[in-house]
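Fold and contact review
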Amino acid sequence: PHTTHVLIPCGVSSAMGLDWTQICFAACLMVNMVDVMGTLFTAPVLVPYGQQLGATTGEIASFSTVRFGLAIISLLWMPRLADAKGTKVTLLVSVLGSVVAYGIQGNSHYLSGCERESYTLNMGDTLQLWEGHDCSLINGTVTIPSDSSMAQAVGTGGIVECTTQCNNKNGVYFFLVGRALAGFFGGTQPILRSYISQISLPNMAVLKVRMTFLFASYQAGAFALSPIAGVISQFGLFWPWYVSAGCGVLIFVFVAAFFMNVEEIKKRLHSPVPSTEGGEKGETTSESAAESEGEKKVQESTAYEGPPPTKDKILWFLLFGYFCIFLTVSALMLLLPLLLEYESYGLLDPNDVERSRERLASATSMVMIPNGVSNLVFSTVGFLIVSNVIGDVKTMRLGAFIASVMLCLYGFVATEVWHLLILHGSMGIGLGLFVPALGPTLQRYSTLAHPKKAAQASALPLFGMQLGQVVGQPIFGAIVGDSQDRNRMNIAWLVAGICFALGAVTMDLSMVLIHRHPVMKRLKYSPEQVQIMIETGAKEQDVFVEDMCKKLRGMLTEGHPDFRGARLWSGVAQRFIERVIDRSIPKLREGPEEHLEDVALWLSKVGDEKEMEWFRQRFPHVRLPQNVDSATESTSTFPSTPAPKDYA
């Protein structure tokens, strides 16, 4: 299976004035939000919700392992389904599967409960505590000391709830099933990138803006929504998954109603239009049909034929870079809530576990606010401004430097919540400058270097992203451990910064290799020029100029195989050779018709019969001069640089 790439002019509108490419792009952002809400939107409550289900630190880490492990499988089947059945069907299946997965995760708490019993204590009452039960304060003022077996009501008293320690893991297992389904239906990224590339090319400015917003909606959108997750979690830690499922239903309806495959947009582009000058309604102009056929031929002839995606070393470099970076991103979602559990942050109440979990979720969401704002600003407007001044590559390096340094400082510097607000906000600036710089260039390379397998080429680096998120939390969970050892926490953040820096260096190397790739050098040519280059077996212009310089050097260098025997110790000989070389290539006029006339005159003097015949067939409207003395060409063909004044 393969994807056929079609160049679609931006702004394909219907009779109602709807810009369908913009509508479909908006649908892509919405589908992207479905994945964002299920992973990053719910991140602030994942740890406390897992603890409520009765999961250990290792089991909480496995939530991401299962989710992104199944996402690797989704990268195998979803691009192939998109190539075979179309993008729309694939996105609908993905959104529907994600809705079911979020519903399962949100309802997992119903299976996790142990036997509970509430006790009302009035002022001065006491309650004998016993082993095998965890007691917490529901409301009021009751002292439950950790080193005593007696709870005592103070003030007006209150309500205490005691839960039997039954070691019920059913909720954890049910939640893991939901995470697995979310991963299995969550591999939409390569499909969205490939689709956006198809509806945007050949307009690279539009592609850059759209890819920037796609990446921004994934990175900044998640952090912008996280505070909302913290607020609604006050009504129950399961509510963020309910909200995610509800949004998924609405997006499913929108995609089903308005999203169109590339082929459908192309049909609308070349659909019959009413005639304005006596033609029958519904007739397509011959010029439009001819233009469409011509575009198709140019695209077919200019398609780059290189190795398959699995043998492209650049894609493997990108895979490793994504692995290192998202290893860190995955760790960030685990380390930040665990860091806030330390005593210096003052968020835990030893007398009320549930309240501690809610405060932890709220604090995590609050810390993400400056990160979301800075990420959103710098991944859109900030990135476009900075990249226009210093370029995409330097912008990417600046963002990588900021993010790497901030990650290393989390453990060693942060001891209070306001420290994390500053660090996390600065981290958002770094990610906002780093991530959008990758998107347009990488997607453009995948589309041009692998035109028939663009979705699969886009999917290969994302295997690294998913793999990094699979192993990230277990690795960093093992580094931190179950005990609150601050030294181990500091080491974990330092390792995270080093991993991010390593991934950024790999991405930088990949960008250098991409810009040197032959398919990227072709971007400076028009499709017709590329077609002529392929048909005539032409070299790249820079390569040809360099080869000719080497050949001329060899012709004038004694001892070289191409040496022509010229003795260059005479100034007369040097000036003679300089004049002959200078006038051997005439100065051609700039105008299209004048340029062809000059080329025709030049060919008539020094061209052979084969070259002149090619010119006649290519430009039959230009007449080749007849009976021109070729012997005089080198000295009088066209005016050029005057001979040196001291020439004798």
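First things first, this report covers the structure right here in the doc. All of these numbers come straight from a predicted model, not from anything done at the bench. All chains use their own residue numbering, which begins from 1 and follows the written sequence. For a predicted model such as this one, the threshold for reporting local features is a pLDDT of at least 70, and the threshold for listing and counting side-chain atom pairs is 80 or more; totals across whole chains, interfaces and linings nevertheless cover every residue. To get the side-chain values, all heavy atoms of the structure are used, and hydrogens and water are removed first.

Let's shift gears to the overall build of the protein chain. The way it works is that DSSP assigns letters per residue, a run of H or I at least four long becomes a helix, a run of E at least two long becomes a strand, and they are numbered from the N terminus. A count of helices and strands for the protein chain gives 23 helices and 4 strands. When each of the 648 residues of the protein chain is scored for burial, the buried share is 47%. Here the analysis covers contacts within the protein chain between residues at least 6 apart in sequence; of these, 77% occur between residues at least 24 apart. Here, Shrake-Rupley sampling with a 1.4 Å probe gives the accessible areas, and only protein chains in the shown set may cover a residue. Carbon and sulfur atoms make up 62% of the accessible area of the protein chain, which amounts to about 30800 Å² in all. Accessibility here uses a 1.4 Å probe with only protein chains present; expressed as a share of the type maximum, an area under 20% marks a residue as buried, one over 50% as exposed, and anything in between as partly exposed. Throughout, a contact is declared for two residues whenever any of their heavy atoms are within 4.5 Å.

Put simply, helix α4 (residues 87–106) and helix α5 (residues 170–184) touch, their axes get as near as 8 Å, and they point 160° apart. When the axes of α4 and α5 are compared, the pair comes out roughly antiparallel. The hand of the α4/α5 crossing is left-handed. Mapping the contact onto sequence places A101, Y102, I104 and Q105 in α4 and F174, F175, G178, R179, L181 and A182 in α5. In this classification, Asp, Glu, Lys and Arg are treated as charged, Ala, Val, Leu, Ile, Met, Phe, Trp, Tyr, Cys and Pro as nonpolar, and every other residue, Gly included, as polar. For the contact of α4 with α5, the per-class residue count stands at 7 nonpolar, 2 polar and 1 charged. Every angle, taken between N-to-C directions, lies between 0 and 180 degrees, and every axis is a line fitted to C-alpha atoms, over only the stretch in contact when it is a helix. For classification purposes, an angle smaller than 35 degrees is called roughly parallel, one larger than 145 roughly antiparallel, one from 65 to 115 roughly perpendicular, and anything else oblique. Helix crossings get a hand from a simple test, with the near helix turned counterclockwise from the far one by less than a right angle marking a left-handed crossing and a clockwise turn marking a right-handed one.

Structurally, the position occupied by A504 is in helix α16 (residues 486–516). Relative accessible area serves as the criterion here: at 9%, A504 is assigned to the buried category. The spatial distance from the C-alpha of A504 to the C-alpha of L318 is 10.0 Å, given a sequence separation of 186 residues. Among all residues touching A504, those that are not within four sequence positions of it are I325, A400 and F434.

Take the pattern of salt bridges next. Note on definitions: salt bridges are taken to be side-chain nitrogens of Lys or Arg within 4 Å of carboxyl oxygens of Asp or Glu. Summed over the entire model, instances satisfying the criterion amount to 7 salt bridges. The salt bridge partner of R616 is E609, with a shortest N-O separation of 3.6 Å. Overall, R616 belongs to the partly exposed group, its relative accessible area being 31%. E613 is the partner of R616 in a salt bridge, and the nearest nitrogen-oxygen pair spans 3.4 Å. With R616 and E613 both in helix α22 (residues 609–618), this residue pair falls 3 residues apart, about one helical turn. Linked by salt bridges that have partners in common, R589, E597 and D598 make up one network.

We now examine the nonpolar core. For our purposes a nonpolar core is just a set of buried Ala, Val, Leu, Ile, Met, Phe, Trp, Tyr and Cys residues, chained together by side-chain atoms within 4.5 Å. Ranked by size, the top nonpolar core spans 101 residues in total, and within it Y345, L420 and F434 carry the most contacts. Of the residues forming this core, the biggest block, 17 residues, is contributed by helix α11 (residues 313–340). The contact partners of Y345, leaving out residues within four places of it in the chain, are L339, L340, A414, T415, E416, V417, L420 and R486.

Right, let's get into the side chain of N261. Position of N261 relative to the elements: it lies in the loop between α8 (239–258) and α9 (262–269). For N261, a relative accessible area of 13% gives the class buried. For N261, the residues in contact, after removing those within four places along its chain, are G86, T87, K88 and Y195.

Below, the discussion takes up the environment of G86. By secondary structure assignment, the location of G86 is in the loop between α3 (57–85) and α4. Taking the C-alpha atoms as reference points, G86 and E263, separated by 177 residues in sequence, lie 9.1 Å from one another. Non-local contacts of G86, meaning those with residues more than four positions away in its chain, are made with L81 and N261.

For a helix, the expected span equals 1.5 Å multiplied by the number of residues minus one. An ideal rise of 1.5 Å per residue puts 28 Å on 20 residues; α4 measures up with 29 Å between its terminal C-alpha atoms. Among the 20 residues of α4, 16 are classified as buried, and the element is accordingly described as predominantly covered.

To continue, consider a nonpolar patch on the surface. Exposure above 30% relative accessible area and the absence of a salt bridge qualify a residue for a patch, where like charges join within 9 Å and nonpolar side chains (Val, Leu, Ile, Met, Phe, Trp, Tyr) within 5 Å. Nonpolar side chains collect at one region of the surface, where F401, V405, L409, F412, V413, L494 and I498 lie side by side and expose about 620 Å² of accessible area between them. Taken together, the elements giving at least two residues each to the nonpolar patch come down to α13 (392–413) and α16. Per-element tally for the nonpolar patch: the top contributor is α13, with 5 residues. Mapped onto the secondary structure, V413 falls in helix α13.

Attention now moves to the packing of aromatic side chains. Pairing of aromatic side chains here covers Phe, Tyr and the six-membered ring of Trp, requires ring centres within 6.5 Å, and sorts the geometry by plane angle: under 30 degrees stacked, over 60 edge-to-face, intermediate tilted. Following the criterion strictly, the structure yields 16 aromatic pairs and no others. With centroids separated by 5.6 Å and ring planes inclined at 85°, the aromatic side chains of F175 and W241 adopt a geometry described as edge-to-face. Placement of the pair is F175 in helix α5 and W241 in helix α8, with a sequence separation of 66 residues. With a relative accessible area of 0%, W241 lands in the buried category. Ring centres of W239 and Y242 lie 5.4 Å apart, and the angle between their planes is 80°; this geometry places the pair in the edge-to-face category. Pair noted here: W239 and Y242 are both in helix α8, with a separation of 3 residues, about one helical turn. The class of W239 is partly exposed, set by a relative accessible area of 37%. Linked through ring pairs, Y49, F63, F175 and W241 together constitute an aromatic cluster. We note R210 situated over the ring of F25; from NZ or CZ to the ring centre the distance is 5.6 Å. When the ring centre of Y342 is taken as reference, the NZ or CZ atom of R486 above it lies at 5.4 Å. Criterion for a charge above a ring: Lys NZ or Arg CZ within 6 Å of the ring centre, and within 35 degrees of the ring normal.

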